[in-house]
Structures are given as structure tokens and as C-alpha cells.
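# Architecture at a glance
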Amino acid sequence: MNNSGSNWGASFDEYPDAAWTRVLTLNLHRVFTITQLLTPSLEAKATQDAPSRIINIGSVDGLRVPSLETFAYSSSKAGLHHLSRVLANHLGKRHITSNVIACGPFESKMMAQTLKDFGETIKAGIPLGRIGSPEDVAGTCLFLGSRAGSYVNGATITLDGGSVIGSKI
């Protein structure tokens with residue numbers, strides 16, 4: 001499971017080059033690197049009926065255009081979603097699945113200040129009316145890692161309480 005992430009917010013005119021490097025390196029490049037390093041172990045235990053699993057934690061900001069100026073973050077998560085599909089194609093032949101969970105707003109260290117400042121507004125834009133919980137992500141991971149998810153490969157599962165589809169008008 002690849003769950004590390006970094007974000008950086010700055011205006012378009014002041015967005016630093018170093019932010020791109022930092023965010024893209026952790027959110028995308030290192031996911032590829034760690035997956036590459038662990039593939040021999042994943043492949044050793046994988047069978048056609050019981051594949052090994054890669055679960056990447058993406059973001060709804062990789063699916064939609066966020067209102068916040070987080071250029072590298074949303075770009076890196078869109079890249080992660082596509083990397084996950086590319087891995088699904090190439091590693092599926094080795095009996096390793098690759099899927100991504102596109103998470104919406106969840107309580108986390110990275111989201112703490114945003115939720116403090118805009119939590120009620122964010123909740124109001126989610127059809128289910130709440131912020132995601134650790135149990136929501138855990139349940140999705142359990143599905144993907146279980147026999148029930150063994151034939152899921154190359155999927156992006158949106159886990160956001162409906163925020164991406166919620167109408168603003």
C-alpha cells in the first residue's frame with residue numbers, strides 16, 4: 001500500500017519550482033520506486049487465483065480541478081492514477097493487481113488546517129454530509145486486498161462521500 005503524500009499551496013505566480021520537485025518526487029516517483037523494489041517479493045507469493053496487490057492512495061484532486069492552488073499535488077495524483085493503470089497492465093501478467101483509491105476529504109495531518117478553516121463548507125458540498133473516516137479507507141483496502149477484490153485490476157475507486165458528483169447549483 002502506497003499512502004505517503006505531500007502537498008504545497010501557493011499562488012500560480014509564486015509557485016516555487018522546489019515545490020514541484022518535492023511533491024512529484026514523493027507522490028509519484030517514490031511510489032514507482034518502492035513498487036519496483038517490492039515487485040520480486042509480490043511476484044514470489046502471487047498466483048493466478050490469489051494475486052498480490054498494490055493499493056495506491058490517490059485523491060479526488062487527481063480527478064477534478066481543485067479550487068485551492070495545489071498545482072503539483074493534483075498533477076501528481078492524476079499521474080498516480082494513471083501510473084496505477086499502467087502497472088495494472090504490466091504487472092497483471094505477473095499476477096499482481098494495481099488499483100488506486102481516489103480519496104476525498106478525510107481527517108489527516110495533511111488536511112487538518114483545511115478542515116479547521118473550511119470543514120463545514122466542505123461537508124456542505126458532500127452529498128453524504130460528512131468527512132471520511134479511517135474506517136472508510138480501511139474497508140475499501142480490505143475489499144481490494146481480499147478474495148472479493150482479486151479480479152479488480154486497474155480501477156480507480158472514488159471514496160469521497162459523493163463530493164465529485166455533488167451538484168454545486
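Look up: the structure comes first, before these words.
What you are looking at is a predicted structure, and each value in this text was computed from that prediction instead of being measured.

## Quick word on the overall build of the protein chain
The helix and strand inventory of the protein chain stands at four helices and three strands. In the protein chain, the succession of helices and strands from N to C terminus is α-β-α-β-α-α-β. Projecting the C-alpha coordinates of the protein chain onto the three principal axes gives extents of approximately 45 × 35 × 25 Å. A buried classification covers 39% of the 169 residues belonging to the protein chain.

## A look at the sheet that holds strand S1 (residues 52-59)
Taken in spatial order, the three strands of this open sheet run S1-S2-S3, and their pairing is parallel. Each edge of the sheet is formed by a strand with only one pairing partner; in this case those strands are S1 and strand S3 (156-159). For this sheet the average axis-to-axis angle between neighbouring strands, irrespective of direction, equals 25 degrees. Bridge count between S1 and strand S2 (residues 96-103): eight bridges; the pairing is parallel. Bridge pairing links Asn56 to Val100 in S2.

## Focus on the side chain of Lys77
Tracing the backbone through its elements, the reader meets Lys77 in helix H2 (residues 71-92). Lacking a salt bridge, the buried Lys77 has Asp61 as its closest oppositely charged neighbour, with an N-O distance of 9.9 Å. From its side chain, Lys77 meets the backbone oxygen of Ile57 in a polar contact 3.0 Å long. When residues no more than four places from it in sequence are discounted, the contact partners of Lys77 are Ser4, Asn27, Ile57, Gly58, Ser59 and Gly62.

## Details of a nonpolar patch on the surface
On the surface, Ile34, Leu37 and Leu38 cluster together into a nonpolar patch covering about 280 Å² of accessible area. Relative to the helices and strands, Leu37 resides in helix H1 (residues 17-45).

## Some remarks on the packing of aromatic side chains
For any two aromatic rings, the description comes down to two numbers: the centre-to-centre distance and the angle of the planes. Counted by the stated rule, this structure contains three aromatic pairs. Between Phe12 and Phe71 the ring centres are 5.9 Å apart and the planes differ by 70 degrees, which places this aromatic pair in the edge-to-face class. Here the residue Phe12 occupies a position in the segment before H1, and Phe71 occupies one in helix H2, the gap between them amounting to 59 residues. A centroid spacing of 5.3 Å and a plane angle of 85 degrees characterise the contact between Tyr15 and Phe71, whose relative ring orientation is edge-to-face.

## Some details on unusual backbone geometry
With a phi close to 70 degrees, His95 is a non-glycine residue in the positive phi region. Tracing the backbone through its elements, the reader meets His95 in the loop between H2 and S2. The class for His95 is partly exposed, based on a relative accessible area of 30%.

So, how was this worked out
Within every chain, residues take consecutive numbers counted from 1 along the sequence as written. With the structure being a predicted model, the display of local features is reserved for residues of pLDDT at least 70 and the display and counting of side-chain atom pairs for 80 or more, all residues being used for whole-chain, interface and lining totals. Values shown for side chains rest on all heavy atoms present in the structure; no hydrogens or waters enter the calculation. Note on conventions: DSSP H or I runs of at least 4 residues are helices, E runs of at least 2 residues are strands, and numbering of each starts at the N terminus. To sort residues, take the accessible area from a 1.4 Å probe on protein chains only and compare it with the maximum for the residue type: under 20% means buried, over 50% means exposed, and anything in between is partly exposed. Strand pairing is assigned whenever DSSP detects at least two bridges linking the two strands. To obtain an axis, a line is fitted to C-alpha atoms, over the contacting stretch when the element is a helix, and the angle between two such axes runs from 0 to 180 degrees between their N-to-C directions. We count Lys and Arg on the positive side and Asp and Glu on the negative side, and we leave His and both chain ends out. Throughout this description, the term salt bridge denotes a Lys or Arg side-chain nitrogen within 4 Å of a carboxyl oxygen of Asp or Glu. Counted as a polar contact is a pair of N or O atoms within 3.5 Å, where, for protein atoms, one must be capable of donating a hydrogen and the other of accepting one, and residues adjacent in sequence contribute only when both atoms are in side chains. Contact between two residues is taken to exist if any of their heavy atoms lie within 4.5 Å; hydrogens are not considered. Every patch collects residues that have over 30% relative accessible area and no salt bridge, joining them within 9 Å if they carry like charges and within 5 Å if they are nonpolar side chains (Val, Leu, Ile, Met, Phe, Trp, Tyr). Surface accessibility follows the Shrake-Rupley procedure with a 1.4 Å probe radius. Residue values consider only the protein chains on display as shielding. Stacked, edge-to-face and tilted labels apply to pairs of Phe, Tyr and Trp rings (six-membered ring for Trp) whose centres lie within 6.5 Å, assigned for plane angles under 30 degrees, over 60, and everything in between, in that order.

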